[in-house]
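Structural overview
Letter by letter, the chains look like this.
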Amino acid sequence: MEYDNFFHYTTRLLLADVMEDVKVELSKHSKLKSANRQFMFTRSLLRKHKMLASTLDMGFEYDHPNVSKSLRQSGNALFKAELYEEAADMYTKSLMGSKPSTECYALAMANRSAAYFHMGKYEQSLKGARIVMTANYPSKLAYKLYERAGHAERKLGFIERAKESYAVCLARLDEADMSAENKRKFRAAVEISATECEQVLTEQKRTMKTPGVEQLVGGRNENIPALSAFVELKMSEDMGRGVYATRDIYPGDVVAIDEPYICGPSRDDTEVCHYNGCLKLGFALFRCPKCFLVYYCNEDCMNKDYKDGHNVACPIIYFIKSTPGISRMNELAMKWFLKDYLKMGLKKYCSIVDNFSESKIDPITRGFDEIGQYKSDNFLTAYSLDNKENKMPMDVLFFFNCIAVDMLHYLILSGFKIPERYMGSVGASLVRILTVLDLNCRKLNINAPTVSFHRDCRFTLGIALTLYPTISLFNHSCDANIKRSGEITGRIRVMKAVQPIPKGTQLCCTYGITFDKHDKESRQDFCNDRFNFKCYCQPCIKNWPTFNFIPNHDSLLTYILNPSMADIVSSECKKFMEFTKSVEPKDHCQHLNYLYSFIKLLYANVERPFALYENCLEMICSAHIMSQLLI
């Protein structure tokens, strides 16, 4: 199954030897139309069979602190003898014998960081120092951490961060337990390092180009601010609501600039700031000093995330990560719920979600507020995104209800108060949040921030889960005419036209599959299995061949739409082939205007699919990203 431990709940019910009861109760569950009643039924079922946790005890065991202290002291002796590798190993053993919240743990971690620095392992040194900065480390020694962090950051090329670390080091120096003379000498040495950082940064700013600010073609849409004024929402019989051009749109035109409503890291092995308003890809991040499972690029982001709800989620984040399903998605659902629940208050929150579930909404205006605005920062806009619940198998919907029951139960165990009369509304809202995220954020994650493992961004890895309410308005095509552009690691997403889009044409992105790389059958299976729809794009209707079977320039005359343009098109195709041989992929961004003019020529005069058209289209897509990366 695509979810972790999908059979967790049903297996436990069956093992409880209540097979017949479960069948009857699940049958009743499928007949309940109200989402509130479905949640309360599921909650009652899990409570009845004692499937909910009784405490928040994680059951962790640690060795006696005296053992940890002794190991650390042995490490100190090895460190003084300049046996840094052996010392680091001893400090690691010391860490295993103490709780992360203790001073003993912080001292061992700090000492291992120092050993790593002397070994030239600056990355590990910096990570250790960052962890200790939010741990129970003696304040009189804190200056040493920030000095070491600054030195490691300079070695790694993080000059701006090194400058900040040196500044904190100097500020914390007053707490140090050393003579006035030693303080003076230490301060002078750190100030020299800070000055050197400032000189490097000044030189970088002098030679750095300022990236251009992207602008929506035609300005902002009057009713959907994240979209261009040159588009509108319309309904179609085959594809439902979609975005259509009200004027001709050309390659390179910006059609959407969207920010995620909610976002968070998608992987445990990627260092991304967890704060919803940041999401920067970082290195050696600060970790929450209480749960040790959430990371931030600085203390400011940590404090903001605490206000948004992490202070409530912190005691239960370990249990949320251990809940069946997709752990990162479950964390994101809890973050979304708490952010809005705490901001609105109980009564307003429940009133909004209840009104939504009870009202009949016109599909074309779904997500718009009372004054006719569709805004990506509006709770109801995000909450009303399609979740395909009406097409969801009953066992999957039951699974999500069970996850929501567990998550809210952990909140209650931690002391969070939810009156019983509101429990159905709150629980049903969390189920909807989970299903909206599952469809629009996890499955449809093609536009989320990524890191590249190739110079021309051909191989990338997703680093975040991001819910873009406005970008979600675009339907899918296996021959997308818009694609993302700009910095691939950034949370703000710019969508640009990559093909000519005549007035009246629908703007479509790809949901992760394209005709040139996948045959029709696999594309249709993908759209149906993952998103529950049938694709009606031209490549699917006309069954276009994959790239390896697309006609090349040798058969050009067969595919010319306008015979009077044959000579011009043939001549330009020859020029394009010479271009592809002489220009490196990394330099395509410098020739975007040429690529735009060539694809417009082919669009108007050549029947697709056509190999040179598809080559040019791929170059434009990669160049849109590279043009920002190389500034």
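Model, not experiment: these values are computed from the prediction.

1. Quick look at the overall build of the chain
Across its full length, the chain holds 23 helices and 13 strands. When its C-alpha atoms are laid out on the principal axes, the chain stretches across 90 × 70 × 45 Å. In the chain, which comprises 631 residues, the proportion classed as buried is 52%. Within the chain, contacts between residues at least 6 apart in sequence are counted, and of these 69% link residues at least 24 apart. Accessible surface for the chain amounts to roughly 30,100 Å². Of this, 50% is attributable to carbon and sulfur atoms. Here the chain carries 81 positive and 74 negative side-chain charges, and the mean point of each set is 3 Å from the other.

2. Points about the pattern of salt bridges
Applying the stated rule across the entire model yields 27 salt bridges. With a closest N to O distance of 3.6 Å, R187 and D174 form a salt bridge. Of this pair, R187 sits in helix α10 (residues 180-207) while D174 is found in the loop between α9 (159-172) and α10, placing the two residues 13 residues apart along the sequence. Between D300 and K304 there is a salt bridge, and its shortest N-O distance comes to 3.3 Å. Pair noted here: D300 and K304 are both in helix α11 (residues 299-313), with a separation of 4 residues, about one helical turn.

3. Considerations on the sheet that holds strand β1 (residues 231-236)
With mixed pairing, 4 strands are arranged side by side in an open sheet as β1-β2-β13-β10. What marks the edges here is a single partner per strand, and that holds for β1 and β10 (475-476). Alignment of β10 against strand β13 (residues 506-509), held across 2 bridges, turns out to be parallel. Residue pairing across strands places N475 opposite C508, the latter belonging to β13.

4. Section: the pairing of β13
Side chains Q506 and C508 project from β13 onto one buried face, and the interleaved L507 and C509 project onto a second face that is buried too. As paired strands, strand β2 (residues 240-245) and β13 are joined by 2 bridges and run antiparallel to one another. Bridged to V243 within β13 is L507.

5. Some details on the packing of aromatic side chains
All told, the structure shown has 31 aromatic pairs when counted by the stated rule. For the ring pair Y594 and F598, a centre distance of 6.4 Å and an interplane angle of 20° mean the geometry is stacked. One end of the pair is Y594 and the other is F598, both in helix α22 (residues 592-605) and 4 residues apart, which spans about a single turn. The ring of F158 carries the charged tip of R161 above its face, separated from the ring centre by 5.9 Å. Positioned above the aromatic ring of Y244, the side-chain terminus of K234 is 4.9 Å from the ring centre.

6. Points about empty space enclosed by the protein
Enumeration over the complete set of coordinates arrives at 2 cavities of 30 Å³ or more. Volume-wise, the largest cavity comes out at about 210 Å³. Every residue lining the largest cavity is counted, 17 residues in all, and those nearest its centre are D305, H310, I317, E331 and K335. Broken down by secondary-structure element, the contributors of at least two residues to the lining of the largest cavity are β4 (262-265), α11 and α13 (327-344). Here the residues of the lining of the largest cavity sort into 8 nonpolar, 4 polar and 5 charged. Taken together, N440, L444, N445, I446, N447, A448, T466, Y468, I471, S472, C509 and Y511 make up the full set of residues lining the second largest cavity. Each residue belonging to the lining of the second largest cavity can be placed in one class, and the counts come to 7 nonpolar, 5 polar and no charged.

7. Here's the deal with the state of the cysteines
Taken as a whole, this structure holds 0 disulfides when the rule is applied. Summary of cysteine pairing: C301 is not part of a disulfide, and the nearest cysteine sulfur, belonging to C297, is at 3.7 Å. For C301, a relative accessible area of 7% gives the class buried. In this structure C540 is not part of a disulfide, and its nearest cysteine sulfur, from C537, lies 3.7 Å away.

8. Focus: the packing of helix α6 (residues 103-118) against helix α8 (residues 142-156)
Contact pair α6 / α8: the axes reach a minimum separation of 11 Å and the direction vectors enclose 30°. Classed by the angle they form, the pair α6 and α8 counts as roughly parallel. α8 is crossed by α6, and the crossing has left-handed handedness. On α8, the residues touching A110, S113, A114 and F117 of α6 are L145, R148, H151 and A152. In terms of residue class, the contact of α6 with α8 is built from 5 nonpolar, 2 polar and 1 charged.

9. Some thoughts on the sheet that holds strand β12 (residues 493-497)
Strand order in the open sheet formed by 3 strands is β3-β12-β11, with antiparallel pairing between adjacent strands. On the outer flanks of this sheet lie β3 (254-258) and β11 (482-485), each paired with one strand and no other. In this sheet, neighbouring strand axes are inclined to one another by 25° on average, regardless of whether the strands run parallel or antiparallel. Sheet analysis places β3 next to β12, joined by 4 bridges and oriented antiparallel. What sits directly across from D258, in β12, is R493.

10. Some details on the packing of α8 against α10
Where α8 contacts α10, the axes come no closer than 12 Å and their chain directions differ by 30°. The angle between α8 and α10 falls in the class roughly parallel. Considering how the two elements wind past one another, α8 and α10 form a crossing that is left-handed. Across the interface between the two elements, Y143, E147, H151 and R154 from α8 touch F186, V190, S193, E196 and C197 from α10.

Conventions used here
- Residues numbered from 1 in each chain as written.
- Predicted model: local features only at pLDDT ≥ 70, side-chain atom pairs only at ≥ 80, totals over all residues.
- Heavy atoms only, no water.
- Helix = DSSP H or I, 4+ residues; strand = E, 2+ residues; numbered from the N terminus.
- Buried < 20%, exposed > 50% of the residue type's maximum accessible area, 1.4 Å probe, protein only.
- Contact = heavy atoms within 4.5 Å.
- Areas by Shrake-Rupley, 256 points an atom, 1.4 Å probe, with all protein chains shown as cover.
- Lys, Arg positive; Asp, Glu negative; His and termini not counted.
- Charge placed at Lys NZ, Arg CZ, Asp CG, Glu CD.
- Salt bridge = Lys/Arg side-chain N within 4 Å of Asp/Glu carboxyl O.
- Pairing = 2+ DSSP bridges.
- Phe/Tyr/Trp six-rings, centres within 6.5 Å; stacked < 30°, edge-to-face > 60°.
- Lys NZ or Arg CZ within 6 Å of the ring centre and 35° of its normal.
- 1 Å grid on protein atoms, 1.4 Å probe; cavity = no way out; pocket = protein on both sides within 12 Å on 5 of 7 lines; lining within 4 Å.
- Points joined across faces, edges and corners; volume = space filled by probe spheres on them.
- Nonpolar A, V, L, I, M, F, W, Y, C, P; charged D, E, K, R; others polar.
- Disulfide = S-S within 2.5 Å.
- Axes fitted to C-alpha atoms, helices over the stretch in contact; angles between N-to-C directions.
- Parallel < 35°, antiparallel > 145°, perpendicular 65-115°, else oblique.
- Left-handed = near helix turned anticlockwise from the far one by under 90°.

Spatial relationships are all this shows, so hold off on functional conclusions.
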